[in-house]
Amino acid sequence: MRYVEMINRMNVLGDALQLALPAKAMSETLLLRAHYAKGMNEWQTMCEQVGKDMPREEEEDDAAYLKRLNDMLAPKSEEEAPTVSDRRYSKEAFEAVCAAAIDAGEVLSSVHLTKDYKPAKVPAWLWLEYLAANIVTEE
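Okay, so let's go over this structure. Quick caveat, the model's predicted, so the values are computed rather than measured. (Residues numbered from 1 in each chain as written. Predicted model: local features only at pLDDT ≥ 70, side-chain atom pairs only at ≥ 80, totals over all residues. Heavy atoms only, no water.)

**Quick word on the packing of aromatic side chains**
For step 1, the next point in the chain: Overall, the coordinates contain one aromatic pair when judged by the stated rule.
For step 2, the next point in the chain: Judged by centre distance (5.4 Å) and plane angle (40 degrees), the ring pair of Tyr3 and Trp43 falls under tilted. Remark: Trp43 occurs in helix H2 (residues 23–53) and Tyr3 occurs in helix H1 (residues 3–16); sequence separation between them is 40 residues.
For step 3, the next point in the chain: The exposure class of Trp43 is buried, given its relative accessible area of 11%. (Phe/Tyr/Trp six-rings, centres within 6.5 Å; stacked < 30°, edge-to-face > 60°. Helix = DSSP H or I, 4+ residues; strand = E, 2+ residues; numbered from the N terminus. Buried < 20%, exposed > 50% of the residue type's maximum accessible area, 1.4 Å probe, protein only.)

Right, here's the structure in full:
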């Protein structure tokens with residue numbers, strides 16, 4: 001599993017926590033987040049090291065520094081996360097997440113962003129479509 005996939009999964013699992021999930025879906029969400037948190041710690045350590053290795057240049061503003069930092073991290077995000085395996089929602093838990101999302105109508109989604117890169121409110125079906133394609137078991 002690549003770091004970028006893990007980051008996106010962690011984000012969408014965080015989105016799920018805004019829903020009124022029944023116990024089965026909540027437990028799988030929390031267990032999946034606990035699993036992916038290990039890789040997120042690795043990613044954070046990598047980001048911090050890149051930041052240390054790439055000091056801010058004199059008179060460099062925040063936007064320019066962040067762009068340079070993101071440019072350095074983009075290829076690293078495509079690397080394999082060595083300690084994280086591919087874990088997914090069961091179909092039963094996904095059905096429960098679907099019911100909760102449909103009841104909510106909309107989801108504040110961290111994978112669907114506004115023009116200024118903030119989470120966007122999207123129809124439940126759109127958020128669920130991403131979830132189904134990326135973090136639900138195919139068995």
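**Examining the nonpolar core**
For step 1, the next point in the chain: Within the largest apolar cluster, 40 residues are counted, with the highest numbers of intra-cluster contacts made by Tyr36, Tyr89, Val97, Trp127, Leu128 and Leu131.
For step 2, the next point in the chain: Among the secondary structure elements, those contributing two or more residues to this core are H1, H2, helix H3 (62–77), helix H4 (91–104), strand E2 (119–123) and helix H5 (124–135). (Core = buried A, V, L, I, M, F, W, Y, C linked by side-chain atoms within 4.5 Å.)

**Remarks on the layout of surface pockets**
For step 1, the next point in the chain: If you add up the space inside the largest pocket, you get close to 190 Å³.
For step 2, the next point in the chain: Lining the largest pocket we find Ile7, Trp43, Gln44, Cys47, Asn70, Leu73, Ala74 and Ser77.
For step 3, the next point in the chain: Of all the secondary structure elements, the ones that give two or more residues to the lining of the largest pocket are H2 and H3.
For step 4, the next point in the chain: Looking at the lining of the largest pocket, the element that brings in the most residues is H3, giving four residues.
For step 5, the next point in the chain: A per-class count over the lining of the largest pocket returns five nonpolar, three polar and no charged. (1 Å grid on protein atoms, 1.4 Å probe; cavity = no way out; pocket = protein on both sides within 12 Å on 5 of 7 lines; lining within 4 Å. Points joined across faces, edges and corners; volume = space filled by probe spheres on them. Nonpolar A, V, L, I, M, F, W, Y, C, P; charged D, E, K, R; others polar.)

Geometric descriptors of this kind do not, in isolation, establish any biological role.
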